[in-house]
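Take a look at the letters that make up each chain.
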Amino acid sequence: MIISTNLREATRSLMTSKQRTLLALIGIVIGIGSVIGMVSIGSIVQHQALKQFKEMGIDIISIRKETAPGDLEGLPLDHILNLKSVPIIREVAPYLLSSTTLQQGKSQTVMSMMGVTGAFFDINKLYIKEGRAISGMDNNRYFCVIGADIGALLRNSGVDPVLGSSLTLGSRNYMIVGVLERVSEGSGIRPYGINKGVIVPLSTARRNFDRPDIDTLLARVREGTPPAVIKQTVRTYFMSTMPGTHITVQTAEEIIATMQSQMRLFTLLLGAIGSISLIVGGIGVMNVMLISVAERRKEIGIRRALGALQSDIQSQFIIESVSLCSIGGIIGIILGVFVSYVFSRANHWDFQVSAVSIILGLAVAFAVGVFFGFYPARSAAKLDPITALRS
């Protein structure tokens, strides 16, 4: 009964000063919306980063030769390919990376260029949209497979059909034999720049790239093999075939664990940044409540004279503050979810809403109402009835 009465009084008081209430409400909406939006975006980024591993599987490892200053020697190709003789290794895919410039009329596009074997497509789950992939029959041929973005760029430039057309890269002409479907990039083991890149046979790349030495490869291992066993087995193999060679092995499980830790810190950082605006909004609520107490001193004095306890006065103003913050919190949650939805759609990412962030938003709104409403409510409860009536 008392709570419902206080809720009606809180509603009446807030509606009496609409402009002041609206300004305080905007502060809370922006504060809660910032927190929810930041946390949701962090969660979406984390989900997108881990999505690539789900697509490729966790049985992929990256192997890199550690190079000392002045050491330009790479890993011999025959040693790399012979790695498949190790029982836990199912497939290997050495590759080279470089960059080049595509000239289209007066515009230039900088893009990545990769030299690969046929296994590269299978390990990285690269699917052909048009044409075919690079195979072992293309050794030393000037054939190429282009990424989805390069395919779209060529079509927009009037190149049709794309398959079979010539692409001038550097001083060489390459025939396009395939166009890739779009893949997710930006994290994980899969090399970056595939959508906006060109893939050529590894043998051709070794003849034309500035640095033909191979020091990086991907491999698919047997599922269920512990990371420690994988690392030790690969290092032992290269130490036996190339004494003194130091190898760095990264497993998908390790990268996932590291990524999750970094993403949690990233989400906390975004939440902390959003909390700054929430504090500003809370201060606005406290200011509104202090003004409300000053304007209603006579009302407080009358209630005290009629027998109201200090706790009754205090609860009345705290309920008013919580009501204001709760309304702002609900609107802020809707705003934050909408912002994160727009962000995910603009980046062509999967949209998801964490139930934890919604609960967190409601809890934070309630906590802000109690925290920033406590001092004004306490000040109202401590007013001397006689002094309040004289006001």
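Below: a short report on this structure. It should be emphasised that the depicted structure is a prediction, and the values quoted were computed from it without experimental measurement.

Here we look at the side chain of Ser 340
Next up, step 1: Mapped onto the fold, Ser 340 is located in helix H10 (residues 310–346).
Next up, step 2: The contact partners of Ser 340, leaving out residues within four places of it in the chain, are Gly 37, Ser 40, Ile 41, Ile 44 and Phe 351.

A look at H10
Next up, step 1: With 37 residues, H10 ought to run about 54 Å at 1.5 Å a step, and its terminal C-alpha atoms sit 53 Å apart, in line with that.
Next up, step 2: His 348 lies just past H10 and shows a positive phi near 60 degrees.

Remarks on the nonpolar core
Soluble, globular proteins show a tendency: their nonpolar side chains are buried together.
Next up, step 1: Among the nonpolar cores identified, the biggest contains 40 residues, and Ile 61, Ile 63, Leu 83, Ile 89, Ile 146, Leu 167 and Val 234 are the most heavily contacted of them.
Next up, step 2: Setting aside anything within four residues of it in sequence, one finds Leu 83 in contact with Ile 63, Ile 89, Val 92, Leu 217, Tyr 237 and Phe 238.
Next up, step 3: With 30 residues, the next largest nonpolar core counts Val 39, Cys 325, Ala 377 and Leu 383 among its residues.

Let's talk about the environment of Glu 320
Next up, step 1: In this fold, Glu 320 is placed in helix H10.
Next up, step 2: What makes Glu 320 buried here is its relative accessible area of 2%.
Next up, step 3: As a C-alpha pair, Glu 320 and Ala 377 span 57 residues in sequence and 9.4 Å in three-dimensional space.

Considering the pairing of strand S7 (residues 172–180)
Next up, step 1: As paired strands, strand S4 (residues 128–131) and S7 are joined by three bridges and run antiparallel to one another. Residue pairing in the sheet places Gly 131 in a bridge with Gly 178 of S7.
Next up, step 2: Counting the residues that bridge the hairpin from strand S6 (residues 166–169) to S7 gives two residues, and of these Gly 170 lies at a positive phi of roughly 70 degrees.

Let's talk about the pattern of salt bridges
Next up, step 1: The full count for this structure, using the stated rule, is six salt bridges.
Next up, step 2: Taking the shortest distance from any N to any O, the salt bridge between Glu 130 and Arg 155 comes out at 2.1 Å. Of this pair, Glu 130 sits in strand S4 while Arg 155 sits in helix H5 (residues 148–156), and the two are 25 residues apart along the sequence.
Next up, step 3: Arg 155 gets classed as partly exposed once you look at its relative accessible area, which sits at 35%.
Next up, step 4: Here Asp 215 and Arg 211 are joined by a salt bridge, their closest N and O atoms 3.3 Å apart.
Next up, step 5: On the basis of relative accessible area, Asp 215 is assigned to the buried category, the value being 18%.
Next up, step 6: Judged by relative accessible area, which is 33%, Arg 211 ranks as partly exposed.
Next up, step 7: Within this structure, Asp 59, Arg 90 and Arg 220 form a network of salt bridges that share partners.

A few points about the packing of aromatic side chains
Next up, step 1: Enumeration over the complete set of coordinates arrives at six aromatic pairs.
Next up, step 2: Joined through ring pairs, the aromatic side chains of Tyr 95, Phe 120 and Phe 121 make up one cluster.

Some details on the packing of H10 against helix H11 (residues 355–381)
Next up, step 1: Interhelical geometry of H10 versus H11 gives an angle of 150 degrees and a closest axis separation of 7 Å. In terms of orientation, H10 lies roughly antiparallel with respect to H11. The hand of the H10/H11 crossing is right-handed.

Observations concerning the packing of helix H9 (residues 297–305) against H10
Next up, step 1: Where H9 meets H10, the axes come as close as 10 Å, and the angle between the chain directions of the two elements is 145 degrees. Once H9 is placed against H10, the crossing between them reads as right-handed. Only Gln 310, Ile 313, Gln 316 and Phe 317 of H10 make contact with H9, whose side of the interface consists of Glu 299, Ile 300, Arg 303 and Arg 304.
Next up, step 2: Its residues assigned to classes, the contact of H9 with H10 comprises three nonpolar, two polar and three charged.

Rules behind the numbers
Residues numbered from 1 in each chain as written. Predicted model: local features only at pLDDT ≥ 70, side-chain atom pairs only at ≥ 80, totals over all residues. Heavy atoms only, no water. Helix = DSSP H or I, 4+ residues; strand = E, 2+ residues; numbered from the N terminus. Contact = heavy atoms within 4.5 Å. Expected span 1.5 Å × (residues − 1). Core = buried A, V, L, I, M, F, W, Y, C linked by side-chain atoms within 4.5 Å. Buried < 20%, exposed > 50% of the residue type's maximum accessible area, 1.4 Å probe, protein only. Pairing = 2+ DSSP bridges. Salt bridge = Lys/Arg side-chain N within 4 Å of Asp/Glu carboxyl O. Phe/Tyr/Trp six-rings, centres within 6.5 Å; stacked < 30°, edge-to-face > 60°. Axes fitted to C-alpha atoms, helices over the stretch in contact; angles between N-to-C directions. Parallel < 35°, antiparallel > 145°, perpendicular 65-115°, else oblique. Left-handed = near helix turned anticlockwise from the far one by under 90°. Nonpolar A, V, L, I, M, F, W, Y, C, P; charged D, E, K, R; others polar.

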